[in-house]
Amino acid sequence: MIRNGTSITTPWQSAVTKGIAAATKNRVPAIALWMFGTVLITSYYYIPAVHDGLESVGRLKTSWGWVFSMISTGIFGGMIPVLLPKLLNYKRTKINWEIAISSTLLWAYKGIETDYFYRLQGVLFGTTADIATIATKTLIDQLVWVPLFGLVNVMMFYCWRDNGYSFRRTWQSLGAAWYWSQVLPVLIANWVVWIPAVLMIYALPSALQIPVQNLILCFWVLVLVFFTAPSIATADDSNAAGET
């Protein structure tokens, strides 16, 4: 426990405070993301041109399978967050190619992981877009999969990278308080962003879930660039989230 003046703050309370603060800080980008997702999903169902365009992407996803998920998520989740600020001249420093490559490889793996997780959800709960199915998938996604595995392996990767890819130093960095101090604040902040986003994703046909997830992820990066340009270097850490 942490003593703060006359009060004692538990690791749980500290994590919740940090998570809420991060969510509050990013409230405008989050609202923009919700609006983007709503417009995208609505357009798919009511605007023929958008419907046909997404259906074409869905057919490509069906044809390529997990390879599509690997490549697209690697680009939208890993490459863009690192390269975009430099391309837009928000950072006058050289691109850190080690970070760019490692982030792209991580998110390429996450694309495969997410692809098979979505498939498992479809097998277990069906692929219809009724309210009960969407709600069930979202709850399993955000309250079971992400807290226990989907976010944990991302945060462990960042810890490993921060420790110079040393397994020994990484293991020493992981302790009883690691989840509460490092993972939980990110989890809470990202729930605000990604629970509404995941609800929208599961409202779509299976073939479009990964493509739309990547579009939402890309849009999230874009709004973070414009709203938090000075600290965009850590944008790829913020995505951990979001990703299921």
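Computed from a predicted model, the values in this text were never measured in an experiment.

Conventions we followed
- Residues numbered from 1 in each chain as written.
- Predicted model: local features only at pLDDT ≥ 70, side-chain atom pairs only at ≥ 80, totals over all residues.
- Heavy atoms only, no water.
- Helix = DSSP H or I, 4+ residues; strand = E, 2+ residues; numbered from the N terminus.
- Buried < 20%, exposed > 50% of the residue type's maximum accessible area, 1.4 Å probe, protein only.
- Areas by Shrake-Rupley, 256 points an atom, 1.4 Å probe, with all protein chains shown as cover.
- Axes fitted to C-alpha atoms, helices over the stretch in contact; angles between N-to-C directions.
- Parallel < 35°, antiparallel > 145°, perpendicular 65-115°, else oblique.
- Contact = heavy atoms within 4.5 Å.
- Nonpolar A, V, L, I, M, F, W, Y, C, P; charged D, E, K, R; others polar.
- Core = buried A, V, L, I, M, F, W, Y, C linked by side-chain atoms within 4.5 Å.
- Phe/Tyr/Trp six-rings, centres within 6.5 Å; stacked < 30°, edge-to-face > 60°.
- Lys NZ or Arg CZ within 6 Å of the ring centre and 35° of its normal.
- Polar contact = N/O pair within 3.5 Å; in protein donor to acceptor, adjacent residues only side chain to side chain.
- Patch = residues over 30% accessible without salt bridge, like charges linked within 9 Å, V, L, I, M, F, W, Y side chains within 5 Å.
- Salt bridge = Lys/Arg side-chain N within 4 Å of Asp/Glu carboxyl O.
- Expected span 1.5 Å × (residues − 1).

J.: Got a minute to help me understand the overall build of the chain in this structure?
T.: Counting its regular elements, the chain contains 11 helices and two strands. Beginning at the N terminus, the succession of helices and strands in the chain can be written as β-β-α-α-α-α-α-α-α-α-α-α-α. Considering the chain as a whole, with its 244 residues, one finds that 46% of them fall into the buried category. Of the roughly 12,400 Å² of accessible surface on the chain, a fraction of 71% belongs to carbon and sulfur atoms.

J.: Honestly, the packing of helix α6 (residues 131–150) against helix α7 (residues 152–162) in this entry has me stumped. Any pointers?
T.: Geometry of a packed helix pair, given as the angle between the helix axes and the separation of the axes. One can describe the packing of α6 onto α7 by two numbers: an axis separation of 5 Å at closest approach and a directional angle of 25°. With respect to their mutual orientation, α6 and α7 come out roughly parallel. Contacts from V146, P147, L148, F149 and G150 in α6 reach V152, N153 and V154 in α7. In terms of residue class, the contact of α6 with α7 is built from six nonpolar, two polar and no charged.

J.: How should I be thinking about the nonpolar core in this particular structure?
T.: A general tendency of soluble globular proteins is for nonpolar side chains to be buried together. Judged by nonpolar contacts, the single largest core of 25 residues is most densely connected at V212 and I216. Look past the residues within four positions of I216 in its chain and what remains in contact with it is L33, F36, W194, A197 and I201. Within the second largest apolar cluster, 17 residues are counted, among which are L106, L151, M155 and V183.

J.: Please clarify how the packing of aromatic side chains should be interpreted in this entry.
T.: Two aromatic rings, taken as a pair, are described by how far apart their centres are and by the angle between their planes. Going through the model one piece at a time under the given rule, you end up with 10 aromatic pairs. Each ring, one from F117 and one from W145, has its centre 4.5 Å from the other, and the planes form 15°; the classification is stacked. Residue F117 is found in helix α5 (residues 97–125), and its partner W145 is found in helix α6; the two are separated by 28 residues along the sequence. Since its relative accessible area comes to 21%, W145 is described here as partly exposed. Ring centres 5.9 Å apart and planes at 65° place the aromatic pair F157 and W160 in the edge-to-face group. Of the two residues, F157 and W160 are both situated in helix α7; the distance of three residues between them amounts to about one turn of the helix. Here F157 falls in the buried class, since its relative accessible area comes to 15%. The ring of Y116 is capped by R119, whose NZ or CZ atom sits 4.7 Å from the centre of that ring.

J.: What should I look at first to understand the environment of F68 in this one?
T.: If you trace the backbone, F68 turns up in helix α4 (residues 66–87). For F68, a relative accessible area of 10% gives the class buried. For F68, the contacting residues outside a window of four places in its chain are V57, L60, K61, I210 and P211.

J.: Is there a simple way to explain the side chain of K110 in this structure?
T.: With respect to the helices, strands and loops of the structure, K110 is situated in helix α5. A polar side-chain atom of K110 sits 2.6 Å from the main-chain carbonyl oxygen of G150.

J.: In this structure, what is going on with a nonpolar patch on the surface? I would like to understand it.
T.: Taken together, the side chains of Y109, L139, L143, V144, L148 and F149 make up a nonpolar region of the molecular surface, amounting to roughly 580 Å² of accessible area. In this fold, L143 is placed in helix α6.

J.: I'm lost on α5 in this one. Help?
T.: Residues three or four positions apart in an α-helix share a direction because the helix packs 3.6 residues into each turn. For α5, which comprises 29 residues, the first-to-last C-alpha distance of 41 Å matches the rise-based estimate of 42 Å (1.5 Å per residue) to within 8%. Measuring from the backbone nitrogen of E98 back to the side-chain oxygen at the start of α5 gives 3.1 Å, which picks out N96 as the cap. Two residues or fewer past α5, G126 is found with a positive phi of approximately 90°.

J.: I'm lost on the environment of N214 in this one. Help?
T.: Relative to the helices and strands, N214 resides in helix α10 (residues 206–227). The exposure class assigned to N214 is buried, which follows from its relative accessible area of 1%. Taking the C-alpha atoms as reference points, N214 and G74, separated by 140 residues in sequence, lie 9.4 Å from one another. Not counting residues within four places of it along the chain, the set of residues in contact with N214 comprises S72, T73 and F76. Here S72 takes part through its side chain, which lies 2.7 Å from a polar atom of the side chain of N214.

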